[in-house]
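Report on the structure
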Amino acid sequence: LCEEAKSAETESQRYERALASHRSQISSYRKRWEYSSDSAATTSTKTPSRSWPDDVPSNEDLSWLLEDIKYCVRSPNFRSDKDYCPRLSFRVASALLVQFDEESQKQGFEMLRSLAEKGYSDAMVYYGMCLNNGVANNSPDSDAAVSWFKRCADIYEHPQGQYELGVAFYTGEGVLEDEEEAVRLFKLASEQNHPAACYMLGDCLLDGIGVEIDRVLALEWLVRAAELGHRGARSRVMAVLEKKEGEDYDGFTDASRQTFTEHTVLSANKEGRIMRRRSTLQMEIGGGSRNPTELTRRQTIVVKVERNHRKCPLEKKKWEYYDGFTDASRQTFTEHTVLSANKEGRIMRRRSTLQM
């Protein structure tokens, strides 16, 4: 009888129940996620960013690593671990790529390319990222980048590869935009505890991008991202849980995301056909190359997700920002109705939480 009652609940009722459950844990969240230079929240968890890989050697370590790499095949470590030399080379390449002089960057880029072509999974992903960003004075090549992300994700199920490929499908860069495929890849990476993927999956679930809106599940993934050290997710979750009516949080968490209210919007499928959908996201039609405005918006979201290193305040006060990551619209999950198109070009209504 209890299960039947739960199945009869509306989405709004399930969300309110989940919200109450999470609000009962605010004190625990605040304690675990409190930011300080030596807190567990910042030293024992990883924050997603373009600083991946997260073990880039310091400049002080680089000099002796360059010596070690000359003799790595003679090392006892190599005899017991055949990945020792590739792993060492990858760390050296990663350090060279963040140097300021172009010669070091090019050296690191070539080392990375060589490792990628030999099938070293981390190098395959990072090489794709470098191609996408045009590092070492190379022209950006998103098509080549996507091919490396796909190869690595398919062969190794590499979480960073899955995430980067998901971002490509989300933004429509280097590949035809496919929101459903982006969500699938974000989910695969999230299941391997990739913090940024968890955030993006939660964000898509909130806005009904590539998936039916599910605020309860979205909140679960945002909390998962927060627990993994994603400071933007911590900011977003706390903004939602501590939102007070009549208070504006300004900035990046605007009013459309404080409550997940439905709106009706028009969107387009791959063939350009217009459809109606429900969403909390009000946007112009489509993304990728079909709509530069929407592409820019999505790129901005991704950049903020990946470069979110800033302190996450835990007690939000009126007129203050949640690190510029959680504007007033994202503080509560209120539904809106928007229009969108599926792959067959049919108009559909969906729920979403973002007003653009």
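Residues numbered from 1 in each chain as written. Predicted model: local features only at pLDDT ≥ 70, side-chain atom pairs only at ≥ 80, totals over all residues. Heavy atoms only, no water.

Moving on to the packing of helix H12 (residues 179–190) against helix H13 (residues 195–207). It is at 8 Å that the axes of H12 and H13 come closest, and there the two elements cross at 140°. Relative to H13, the element H12 is oriented oblique. Pair H12 / H13 crosses with left-handed handedness. Seen from H12, the contacting residues are Val183, Phe186, Lys187, Ala189 and Ser190; seen from H13, they are Ala197, Cys198, Met200, Leu201 and Cys204. (Axes fitted to C-alpha atoms, helices over the stretch in contact; angles between N-to-C directions. Helix = DSSP H or I, 4+ residues; strand = E, 2+ residues; numbered from the N terminus. Parallel < 35°, antiparallel > 145°, perpendicular 65-115°, else oblique. Left-handed = near helix turned anticlockwise from the far one by under 90°. Contact = heavy atoms within 4.5 Å.)

As a further point, take the environment of Arg32. Turning to its location among the elements, Arg32 is positioned in helix H3 (residues 26–33). Relative accessible area serves as the criterion here: at 35%, Arg32 is assigned to the partly exposed category. Taking the C-alpha atoms as reference points, Arg32 and Gly229, separated by 197 residues in sequence, lie 9.9 Å from one another. A distance of 2.4 Å separates a polar atom in the side chain of Arg32 from a polar atom in the side chain of Ser28. (Buried < 20%, exposed > 50% of the residue type's maximum accessible area, 1.4 Å probe, protein only. Polar contact = N/O pair within 3.5 Å; in protein donor to acceptor, adjacent residues only side chain to side chain.)

Next up on the list: the confidence of the model for the protein. For the protein, the average pLDDT comes to 76, and 65% of its residues sit at 70 or higher. Here residues 35–50 is modelled with pLDDT under 50, and outside its nearest four sequence neighbours on either side it reaches 44 contacts, counting other chains as well. When the criterion is pLDDT under 50, residues 345–356 qualifies, and its contacts beyond four places in sequence or with other chains add up to 98 contacts. (pLDDT = per-residue confidence, 0-100.)

Ranked by size, the top nonpolar core spans 67 residues in total, and within it Phe90, Leu112, Tyr126, Tyr163, Tyr170, Phe186 and Met200 carry the most contacts. Ignoring sequence-local partners within four residues, the contact set of Phe186 consists of Tyr163, Gly166, Val167, Tyr170, Ala197, Met200, Leu201 and Cys204. Core analysis: the second largest hydrophobic core is formed by nine residues, Leu62, Cys72, Tyr84 and Leu88 among them. (Core = buried A, V, L, I, M, F, W, Y, C linked by side-chain atoms within 4.5 Å.)

This paragraph deals with the packing of helix H5 (residues 59–70) against helix H7 (residues 84–97). Geometry of a packed helix pair, given as the angle between the helix axes and the separation of the axes. Across the interface, H5 lies against H7 with an axial gap of 10 Å and an inter-helix angle of 140°. Accordingly, the angle class assigned to the pair H5 and H7 is oblique. Judged by the twist between their axes, the crossing of H5 over H7 is left-handed. Counted together, Leu62, Leu65, Leu66, Asp68 and Ile69 of H5 and Leu88, Ser89, Arg91, Val92, Ala95 and Leu96 of H7 form the full contact between these two elements. Classifying every residue of the contact of H5 with H7 by side-chain character gives eight nonpolar, one polar and two charged. (Nonpolar A, V, L, I, M, F, W, Y, C, P; charged D, E, K, R; others polar.)

Attention now moves to the packing of aromatic side chains. Tallying each qualifying case throughout the model produces nine aromatic pairs. When the ring of Phe109 is compared with that of Tyr127, the centres are 5.3 Å apart and the planes differ by 50°; the resulting orientation is tilted. Here Tyr127 lies in helix H9 (residues 121–133) and Phe109 lies in helix H8 (residues 102–117), a separation of 18 residues in the sequence. The class for Phe109 is buried, based on a relative accessible area of 7%. (Phe/Tyr/Trp six-rings, centres within 6.5 Å; stacked < 30°, edge-to-face > 60°.)

A few words on the state of the cysteines. Under the defined criterion, the tally for this structure stands at one disulfide. Shown here is the disulfide that connects Cys72 with Cys85, its sulfur atoms set 2.2 Å apart. A torsion of 125° about the S-S bond marks the disulfide between Cys72 and Cys85 as right-handed. Highlighted residues: Cys72 in the loop between H5 and helix H6 (76–80) and Cys85 in helix H7, separated in sequence by 13 residues. No difference in accessibility class separates Cys72 from Cys85, as the two residues are buried. (Disulfide = S-S within 2.5 Å.)

Attention now goes to the pattern of salt bridges. Across all of its chains, the model carries 15 salt bridges by this definition. The salt bridge partner of Lys150 is Asp154, with a shortest N-O separation of 2.7 Å. Of this pair, Lys150 and Asp154 are both found in helix H10 (residues 142–156), four residues apart, which corresponds to roughly one turn of the helix. Between Lys187 and Glu191 there is a salt bridge whose closest N-O contact spans 2.4 Å. What makes Lys187 partly exposed here is its relative accessible area of 38%. Each of Glu110, Arg113 and Glu117 takes part in a single network of salt bridges with overlapping partners. (Salt bridge = Lys/Arg side-chain N within 4 Å of Asp/Glu carboxyl O.)

Moving on to the environment of Val211. Take Val211: it is sitting in the loop between H13 and helix H14 (215–227). The class of Val211 is partly exposed, set by a relative accessible area of 29%. Separated by 32 residues in the primary sequence, Val211 and Glu179 have C-alpha atoms spaced 8.0 Å apart. What Val211 contacts, discounting residues up to four positions off in sequence, is Val183, Cys204 and Leu205.

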